[in-house]
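Here is how the chains run, residue by residue.
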Amino acid sequence: MDNRALAEYVTSKNIPIIRKGYHKYLTFEGVEDCYTYILKEGIVKASVISNDGREFNLRYVNDLEVVSLIKDEYSQFIDSPYNIRVESEYAEFYRVNRVKFWEDINNNPDLQHHVKEFYRFRLLSVMKKMQQMLLNGKLGAVCTQLYELYDMFGVRTPEGLLIDFPITNEEIAKFCGISTASSVSRILKQLKDKGIIAVQDHHLIITNMELLEDNIIF
C-alpha cells in the first residue's frame, strides 16, 4: 500500500510523538480514547479478547500506518476496537486528536484517498484471512501464518527463507484460532519432518516454500 500521502502529512505537521516499551499496550479493547495513533517506528500487534478470555491475534504492523480505528469524524471519544501491544524493543507513534485528524483528511484529497484505500485494503485482508482460516484447517492455518510472517519479516539466507522475528508457538496459535501451543508444536514438527521448515536460534526458517504453499488455499 502506498503510504506517501500519510508520510507527507506526518512530516508537514508538528505532531506529538509518544514512545512505548516492549509488551506495553497503546490501546485496550473497549476503552475510550480521543486520539488516532500512527505507527512511526517499531512493531506492534493487534488482538482481541473473546468472552471467555482467550486472545485472538489479528495482525502485526511494522510500517507507517494508522493503528487505531478512525471511525466517524464527529465523535470526540470512541471505544478502541482491539488491543495494540508493542512487540519490538520499543515503538513510537504519532498521536493526533481524532477530530482534528478528520478535519485534516477532509481538507487533503491525497489523504482522503489514502484513508479510503487503507480501509479497502484492510477489508480485503480480513476477508482473505477468514477464507484461509475456514478452508485450510489447522495445518493450513499454521502454514498460512508462516507465509504471512515471511512476507512481513522474511530474509533470504543460505539456509533458507528466515523469518527474522522471534515468535512463540503460543502466538502462532492465537493467530490461527488454535486452542493450545502444543497443537502448534505438533504441526511444526510435521513441517520439520517433511523438510519444509527448520529452526535456528529460536527463529523459523522456511526451507521449501513450494511445499509450504501446497498446504495453503489462496
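What you are looking at is a predicted structure, and each value in this text was computed from that prediction instead of being measured.

Calculation rules
- Residues numbered from 1 in each chain as written.
- Predicted model: local features only at pLDDT ≥ 70, side-chain atom pairs only at ≥ 80, totals over all residues.
- Heavy atoms only, no water.
- Pairing = 2+ DSSP bridges.
- Helix = DSSP H or I, 4+ residues; strand = E, 2+ residues; numbered from the N terminus.
- Domains from an automatic or database assignment.
- Contact = heavy atoms within 4.5 Å.
- Buried area = accessible area lost by both parts, 1.4 Å probe.
- Salt bridge = Lys/Arg side-chain N within 4 Å of Asp/Glu carboxyl O.
- Polar contact = N/O pair within 3.5 Å; in protein donor to acceptor, adjacent residues only side chain to side chain.
- Disulfide = S-S within 2.5 Å.
- Phe/Tyr/Trp six-rings, centres within 6.5 Å; stacked < 30°, edge-to-face > 60°.
- Buried < 20%, exposed > 50% of the residue type's maximum accessible area, 1.4 Å probe, protein only.
- Lys NZ or Arg CZ within 6 Å of the ring centre and 35° of its normal.
- Axes fitted to C-alpha atoms, helices over the stretch in contact; angles between N-to-C directions.
- Parallel < 35°, antiparallel > 145°, perpendicular 65-115°, else oblique.
- Nonpolar A, V, L, I, M, F, W, Y, C, P; charged D, E, K, R; others polar.

Visitor: Just to check I follow, could you spell out the pairing of strand β11 (residues 154-157) for this structure?
Guide: For a regular strand, side chains alternate in direction, first toward one face of the sheet and then toward the other. Of the strand pairs in this sheet, β11 and strand β12 (residues 160-163) are connected by 4 bridges, and their pairing is antiparallel. Looking at the pairing, V155 lines up with L162 of β12. Hairpin connection from β11 to β12: 2 residues lie between these consecutive antiparallel strands.

Visitor: Would you take a moment to explain the domain arrangement of the protein chain for this structure?
Guide: How big an interface is tends to be stated in terms of the accessible area lost upon association of its parts. According to the domain assignment, the protein chain contains domain 1 (3-107) and domain 2 (135-214). On a C-alpha basis, the centres of domain 1 and domain 2 stand 28 Å from each other. With 12 residues of domain 1 at the interface, the matching set in domain 2 holds 11 residues. Summed over both partners, the interface of domain 1 with domain 2 buries about 980 Å², with 60% contributed by carbon and sulfur atoms. Where domain 1 meets domain 2, there are 3 salt bridges. Taking the shortest distance from any N to any O, the salt bridge between K174 and E55 comes out at 2.9 Å.

Visitor: Quick question: what am I supposed to make of the side chain of R59 here?
Guide: Within the secondary structure layout, R59 lies in strand β6 (residues 55-61). Side-chain polar atoms of R59 contact the side chain of E65, separated by 2.6 Å. In this view, R59 contacts V44, K45, A46, E65, V66, R122 and F175; residues no more than four positions away in its chain are not counted.

Visitor: What is the right way to read the state of the cysteines from this model?
Guide: A covalent bond between the sulfur atoms of two cysteines is what we call a disulfide. Scanning the entire structure with this criterion turns up 0 disulfides. This cysteine, C176, is not joined by any disulfide, and C143 carries the nearest cysteine sulfur, 9.2 Å off.

Visitor: Would you take a moment to explain the packing of aromatic side chains for this structure?
Guide: How two aromatic rings sit relative to each other is given by the distance of their centres and the angle of their planes. Counted under the stated rule, the structure contains 8 aromatic pairs. Judged by centre distance (6.3 Å) and plane angle (55°), the rings of Y35 and Y37 are tilted. For Y35, a relative accessible area of 28% puts it in the partly exposed group. A centroid spacing of 4.5 Å and a plane angle of 10° characterise the contact between F153 and F165, whose relative ring orientation is stacked. Linking F153 in helix α3 (residues 109-153) with F165 in the loop between β12 and α4 (169-176), this pair joins segments that are 12 residues apart in sequence. By relative accessible area, which is 7% here, F153 ends up buried. Directly above the aromatic system of Y90 lies the positively charged group of R19, at a separation of 3.8 Å from the ring centroid. Here R95 stacks its cationic end above the ring of Y35, 4.6 Å away from the centre of that ring.

Visitor: Just to check I follow, could you spell out the packing of α3 against helix α5 (residues 181-193) for this structure?
Guide: Pairs of packed helices are described in terms of their axes, by the angle between the two and the distance that separates them. Contact pair α3 / α5: the axes reach a minimum separation of 10 Å and the direction vectors enclose 75°. Classified by the interaxial angle, the pair formed by α3 and α5 is roughly perpendicular. Contacts between α3 and α5 pair K138, L139, V142, C143 and L146 from the former with I187, L188 and L191 from the latter. Here the residues of the contact of α3 with α5 are counted per class, giving 7 nonpolar, no polar and 1 charged.

Visitor: Before we go on, may I ask you to explain the pattern of salt bridges in this structure?
Guide: For side chains of opposite charge, pairing can occur when their charged atoms come near one another. Scanning the entire structure with this criterion turns up 15 salt bridges. With a shortest N-O distance of 3.4 Å, K40 and E92 are connected by a salt bridge. Placement of K40 in strand β4 (residues 35-41) and of E92 in strand β10 (residues 90-97) is noted, with a sequence separation of 52 residues between them. For E92, a relative accessible area of 14% puts it in the buried group. A salt bridge links R59 to E65; its shortest N-O distance comes to 2.6 Å. Note on accessibility: R59 and E65 belong to one class, buried. Sharing partners across several salt bridges, the network here consists of K45, E55, R85, E87, E170, E171 and K174.

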